[in-house]
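Coordinate inspection notes
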Amino acid sequence: MPNLEELFTQVDASLDDIIALERALVQIPSVNTGFMPTGNETPVCELARDFLAEDGIQSEILESAPNRGNLIARMEGRSGKAGLMFMSHTDVVPVEDEAKWHFPPFSATVHDGRIYGRGASDCKGLLTCQLMAIRLLQRNGIELEDGLILAAGADEEHGGRYGFGWLADNHPDKLAAPYAVNEGGGTPVSAAGALTYILGVGEKGRLQVEIDIKGTSSHASVPWQGTNALYRLSTALNAIEGYSPERDTSTAIFDHLSTFAIEDKPSAANVDAIIADIESDNPRFASMLRALSRMTLTPTIVRGGIKSNSVPESIRLTCDVRTLPHQDEEYVRRQLDDVLTDVPGVSYEIDYMARPNSSPFESALATSLRTVTSRALERDDIQWVPAISNGFTDSRFTRPLGTVTYGFTGSHPDDDPMLNFTHGTNESVGIKSLVSGTKIMLGIACDMLAVK
């Protein structure tokens, strides 16, 4: 069996194949609008299936609905049980305004060391790394003690009901592994002259709140005969904009701020001052601390009105809410009741799309990630900090199954994560990160699974 350094050399030599695979995946517009029919994930699964089949690796596509495929591939080990699962998702968010993009969003254009396209970083980059890692495992004939699962799910961008949520409910045996690595972490943060990686150990909760605002209709030429719901909407929006959430420093990352040369012990009283002190030098880390120290309430969609000459009597305002681990639905309701208390004609409904979840910071997989990342990057000065993600991923479906699941994509320290523009205009992924991510996925599979 080749040693890790020899395998990493093979990854470097596979650069053209890595780029070609990532481009092919991005060029499939697997856009998930959230409204059926949508997704188009099956073609992505078919491409990945055919890629693996070139090396004799068998896989299956499980469709939760027409064209909403979920890919499951498996490399068996001597024990007959899986020891690790690679996770990713194949759907992407819609493109809001294609004209604002430097390159067509599904062209997968290579420019200045990056690949541009919707889904390039979220999450087809990770899928590329995992597929390449499995190919190199197979081509090197590396014998496994415990098996390796690759699971690429549909519908992550709209809650996972057709993807990992469906798999967990209907095919939990397909996901049975003690450890898994997924998106939701693995980006480097430079601070205090050292390289620090964020290991995604958990996630904030996500709720979708639908606020209905009622008025009374009338002809627009005599508006005083009605009650315009839009004015009440204005009051509601002003109240939400003025909302000051409770500050909280109970999540794990605040126990590790000394790693970043922050000597003040964080508390609800001083966390905003800490954030302000670091914001100019490290805006990305400051943004992370802001997100992990409070609940967020964000208006995102407004619907209402039936005709330009009619006073609208009904408006629906959609809000995105992200909660800390101890903030349950009742907590959210208390916050909403306080925010909307002075707005007449208001009611709301809550759709709990993702509950807060976490895995322990210390485990065999965490140890392997530390060791392999150090060797892949040829650095022995890496520090590690646990954090929960402000967004949700499919990890929330595997953690309740008993799988220790981490978010770790293995981004290269020379890549600026701010250039990923995940979910935004000009989304891209650094080619260096595709290479380092492939090395790390390959390395942990060998470290944890290979026959010694």
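To be clear, the structure that these remarks concern was listed above.
Below is a summary of the structure that appears in this document. Predicted model only: the values in this text are computed from it and were never measured. (Residues numbered from 1 in each chain as written. Predicted model: local features only at pLDDT ≥ 70, side-chain atom pairs only at ≥ 80, totals over all residues. Heavy atoms only, no water.)

1. Focus: the side chain of R396
- Residue position: R396 is located in helix α11 (residues 395–398).
- Within the local environment of R396, its side chain forms a polar contact with the backbone oxygen of G159, the two atoms lying 2.5 Å apart.
- Among residues more than four places away in sequence, those in contact with R396 are G159, G160, E203, M353, A354 and N357. (Helix = DSSP H or I, 4+ residues; strand = E, 2+ residues; numbered from the N terminus. Polar contact = N/O pair within 3.5 Å; in protein donor to acceptor, adjacent residues only side chain to side chain. Contact = heavy atoms within 4.5 Å.)

2. A look at the packing of helix α3 (residues 42–53) against helix α4 (residues 124–139)
- Two elements in contact, α3 and α4, have axes whose closest approach is 10 Å; the angle formed by their N-to-C orientations is 20 degrees. Comparing their axes, α4 and α3 come out roughly parallel. As for the relative orientation of α3 and α4, their crossing is right-handed in sense. Between α3, through V44, A48, F51 and L52, and α4, the contact on the second element is made entirely by K124, L127, L131, M132, I134 and R135.
- Classifying every residue of the contact of α3 with α4 gives 8 nonpolar, no polar and 2 charged. (Axes fitted to C-alpha atoms, helices over the stretch in contact; angles between N-to-C directions. Parallel < 35°, antiparallel > 145°, perpendicular 65-115°, else oblique. Left-handed = near helix turned anticlockwise from the far one by under 90°. Nonpolar A, V, L, I, M, F, W, Y, C, P; charged D, E, K, R; others polar.)

3. Things to note about the pairing of strand β12 (residues 314–323)
- Counting buried residues in β12 gives 8 out of 10 residues, a clear majority hidden from the surface.
- Pairing geometry for strand β10 (residues 205–214) and β12, over 10 bridges, is antiparallel. Within β12, the position partnered with K214 by the bridge is S314.
- As paired elements, strand β11 (residues 296–304) and β12 share 8 bridges and run antiparallel to each other. When the bridges of β12 are listed, I301 appears paired with T318. (Buried < 20%, exposed > 50% of the residue type's maximum accessible area, 1.4 Å probe, protein only. Pairing = 2+ DSSP bridges.)

These values are about where atoms sit, not about what they do.
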